[in-house]
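Inside the fold
So you can see what is in the structure, the chains are spelled out below.
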Amino acid sequence: MSKNRTKVVVTGLGATTPLGGDVPSTWSALLAGKSGVRPLDWEGVEELPVRFAATLEVDPAEVMPKHKLRRLDRSQSIALIAAHEAWEHAGYAHGERPGQTVDGDRLGVVISSGIGGLHTALNSYDVYKEKGWSRVSPFTVPMLMPNGSSGHVGIEFGAMAGSHALVSACASSAEAVGYAVDMIRAGRADVVITGGTEACIHPLQMASFGSMRAMSTRNEEPTRASRPYDKNRDGFVLGEGAAVMILESEEHALARGARIHGIASGAGYSGDAHDIVQPDPTGSGAAKAMRRALVDARLNAEDIVHVNAHGTSTPQGDVAELAAIKAALGEDVAARLCVTATKSMTGHLLGGAGALESLITVLTLREGLVPATTNVDDLDDAVDLDIVRGEPRELPDGPIAALNNSFGFGGHNVAVVFQRYV
Amino acid sequence: MADVTEQEILNGLGEIVEEIVGIPAGEVTPEKNFIDDLDIDSLSMVEIAVAAQDRFGVEIPDDELRNLKTVKDVIGFVQGLAVDAPGVKK
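The model shown is predicted, which means the values in this text are computed figures rather than measured ones.

Cut-offs applied
Residues numbered from 1 in each chain as written. Chains lettered and ligands numbered in written order. Predicted model: local features only at pLDDT ≥ 70, side-chain atom pairs only at ≥ 80, totals over all residues. Heavy atoms only, no water. Buried < 20%, exposed > 50% of the residue type's maximum accessible area, 1.4 Å probe, protein only. Helix = DSSP H or I, 4+ residues; strand = E, 2+ residues; numbered from the N terminus. Arc of directions from axis to C-beta. Contact = heavy atoms within 4.5 Å. Buried area = accessible area lost by both parts, 1.4 Å probe. Salt bridge = Lys/Arg side-chain N within 4 Å of Asp/Glu carboxyl O. Polar contact = N/O pair within 3.5 Å; in protein donor to acceptor, adjacent residues only side chain to side chain. Nonpolar A, V, L, I, M, F, W, Y, C, P; charged D, E, K, R; others polar. UniProt positions renumbered as here; feature names shortened; annotations may be inferred. Axes fitted to C-alpha atoms, helices over the stretch in contact; angles between N-to-C directions. Parallel < 35°, antiparallel > 145°, perpendicular 65-115°, else oblique. Disulfide = S-S within 2.5 Å. Domains from an automatic or database assignment.

1. Observations concerning helix H4 (residues 71-81) of chain B
Residues and elements named next belong to chain B. When H4 is considered as a whole, its buried residues turn out to be Val71, Val74, Ile75, Phe77 and Val78. One side of H4 carries all its buried residues, which in axial view fall inside an arc of 165 degrees. The outward face of H4, more than 90 degrees from its buried face, is lined by the exposed residues Lys72 and Gly80. Turning to H4, the residues buried within the fold contact helix H1 (6-21), helix H2 (42-56) and helix H3 (62-65).

2. Here we look at the interface of chain A and chain B
If you look at the interface, chain A gives nine residues, while chain B gives twelve residues. When the two sides are added together, the surface that chain A and chain B hide from each other amounts to roughly 980 Å², 47% of it contributed by carbon and sulfur. The largest per-residue losses of area from chain A upon contact with chain B belong to Arg70(A), Arg135(A) and Pro138(A), which jointly make up 48% of the total buried on that side. On the surface where chain A and chain B come into contact, there are six salt bridges. Taking the shortest distance from any N to any O, the salt bridge between Asp54(B) and Arg135(A) comes out at 2.4 Å. Seen at the junction of chain A and chain B, the total is six residue pairs in polar contact (both at pLDDT 80 or more). Here the residues of the side of chain A that touches chain B are counted per class, giving two nonpolar, three polar and four charged.

3. Topic: helix H1 (residues 23-32) of chain A
Residue and element names in this part refer to chain A. Where H1 is concerned, the buried positions are Val23, Thr26, Trp27, Ala29 and Leu30. In an axial view of H1, the angular spread of the buried residues amounts to 165 degrees, which keeps them on one side of the axis. Away from its buried face by more than 90 degrees, H1 exposes Pro24 and Ala32. Phi turns positive one or two residues past the end of H1, at Gly33, with a value near 70 degrees.

4. Section: the pattern of salt bridges
Should their charged atoms come close, side chains of opposite charge can pair. Counted according to the given criterion, the structure contains 28 salt bridges over all chains. A salt bridge links Arg106(A) to Asp190(A); its shortest N-O distance comes to 3.0 Å. Of this pair, Arg106(A) sits in the loop between helix H3 (74-89) and strand E4 (107-112) while Asp190(A) sits in the loop between helix H7 (172-185) and strand E6 (191-198), and the two are 84 residues apart along the sequence. Note on Arg106(A): relative accessible area 24%, which makes it partly exposed. Put simply, Asp377(A) and Arg227(A) hold a salt bridge, and the shortest N to O gap is 2.8 Å. Highlighted residues: Asp377(A) in the loop between strand E11 (369-370) and strand E12 (386-387) and Arg227(A) in the loop between helix H8 (203-211) and strand E7 (241-249), separated in sequence by 150 residues. Three or more residues joined by partner-sharing salt bridges are found here, namely Lys66(A), Arg70(A), Arg71(A), Glu19(B), Asp41(B) and Glu47(B).

5. Here we look at the UniProt feature "active site" (unreviewed entry) in chain A
All names here are of chain A. The UniProt record marks Cys170 with the feature "active site" (unreviewed entry), using the residue numbering of this structure. Within the secondary structure layout, Cys170 lies in the loop between strand E5 (162-164) and H7. Given a relative accessible area of 10%, Cys170 falls into the buried group. Setting aside chain neighbours within four positions, we find Cys170 in contact with His310, His348, Leu350, Gly351, Ser406, Phe407 and Gly408.

6. So, the packing of H1(A) against helix H14 (residues 353-367) of chain A
All names here are of chain A. It is the contact of H1 with H14, at a shortest axis distance of 12 Å, that shows an interaxial angle of 70 degrees. Our classification of the angle between H1 and H14 gives roughly perpendicular. Where H1 approaches H14, its residues Val23, Trp27 and Leu30 are matched on the opposing element by Leu359, Ile360, Leu363, Thr364 and Glu367. A per-class count over the contact of H1 with H14 returns six nonpolar, one polar and one charged.

7. Re the state of the cysteines
Following the criterion strictly, the structure yields zero disulfides over all chains and no others. Considering cysteine sulfurs only, Cys170(A) is the nearest to Cys200(A), which forms no disulfide, with 9.0 Å between them.

8. Considerations on the domain arrangement of chain A
Note on interface size: it is often stated as the accessible area lost on association of the parts. All names here are of chain A. Each domain of chain A was delimited in the assignment, giving domain 1 (8-256) and domain 2 (266-414). Between the C-alpha centres of domain 1 and domain 2 the distance comes to 21 Å. Residue-level contacts link 66 residues of domain 1 with 60 residues of domain 2. For the pair domain 1 and domain 2, the summed buried area comes to about 4,600 Å², and 65% of that belongs to carbon and sulfur atoms. Taken together, domain 1 and domain 2 are joined by seven salt bridges. For Lys231, the salt bridge identified is with Asp378, shortest N-O distance 3.9 Å. Connecting domain 1 to domain 2 are 26 residue pairs in polar contact (both at pLDDT 80 or more).

9. Some details on the UniProt feature "modified residue: O-(pantetheine 4'-phosphoryl)serine" (unreviewed entry) in chain B
Residue and element names in this part refer to chain B. UniProt's feature table lists "modified residue: O-(pantetheine 4'-phosphoryl)serine" (unreviewed entry) at Ser42, given in the numbering used throughout. Note that Ser42 resides in helix H2. A relative accessible area of 56% means that Ser42 is categorised as exposed.

10. Observations concerning the UniProt feature "domain: Ketosynthase family 3 (KS3)" (unreviewed entry) in chain A
Residues annotated by UniProt as "domain: Ketosynthase family 3 (KS3)" (unreviewed entry) correspond here to residues 5-420 of chain A. Along residues 5-420 of chain A the backbone is 34% helical and 19% strand, and the end-to-end C-alpha distance reaches 18 Å.

So, in structure tokens, the structure goes:
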């Protein structure tokens, strides 16, 4: 492999999350330790075992016209909203808005969703049952397909280098970021719009995850429910949202004078080959993904100063991941680095999580501030790594690097490495 | 139909088009071609046809939908068929 491999940098960020309708509001809420978790007020919600979720702070209806919303699944509308913010943030033109342009044949899209258009599928089936087939929207198929967001974003920005949608449950959009890096390194694109989206806070999903006993049932204190590493954690909190980044070859970014927010250094993958939903309790698959990410990034374990953990607030998963971090990076490095789990504030965005936490990791390195994990009142005795709690933690100067972990049902393990651009 | 005027159908269609594709109702004038002038895609035309059927109480068969290229075509179709149609909203 050439030593002069293409360096991939981050030039634009966009998001709509339970903490805010854009990146600045989401980031300031993360630093302030706010919670995006809210009680659900659906009719019949009292029948469900879990009656809260991390719902969007800004509903898409507030920022997108009705006629556009009616042909987009909620997951697709928020992917477009996040993509627009990222595109504008990167300094690119759109419609009548001035800015720089990119050759469509050199522009790619990789946007994932773990679930796809769940609301569309279920609502359309209700229409079918109540009113018959002819009243089912002709947009139902493009609205429910999990690659719909990638397709829509590609159309919106004229991306013709390739449009992809990798699906691996809660690791989906971490894989998307890794695939986007590869597209640029392989020379198939100069610029890639990448990220993830999820919007499946629906009674069926609450029932399905509820029947797995996977979610927190802290119905009396929703904002306190997502508590990674706390002794009394009892499951994850379902969230919704989208996060999109503009990745670009360094050469392309420098040539147009773009502001560079960080380096997307590489990604590592592994399969647990163990169980369809339970992570391998030894954490060996997770550790492999992290080690492979370092190899892909051409970095040493010593370069990593911070991990944005998968940390979903489940009793087994949180501690198993910490053991995997130690196994992958070594005891010495693990003892020095700091870990945070931002799902304590955002909830778990499933297929959107990897992209959102990648975006947060980029900002963490750029700003030199690690958002604290909230709700850790009583640290689990099994936790022996430095979990950032209370106030955000300052990071050292220099070209430091960080890992973002994402693990998904199916045994998909993905670790993405980012470096500060100096 | 005697008591549904061309203007009423036009107004109704305008509202439907605005609701479904976001084009202001005022731009929906009789001579406009749905595809060439209003830039409405085929799937949206299916939605508009279903809404028009509900609103004007007519059936628009798929074969017929292909022939309805302009706003005026739809007005003519509705007027021709709506004479005895039940449930026409007045």
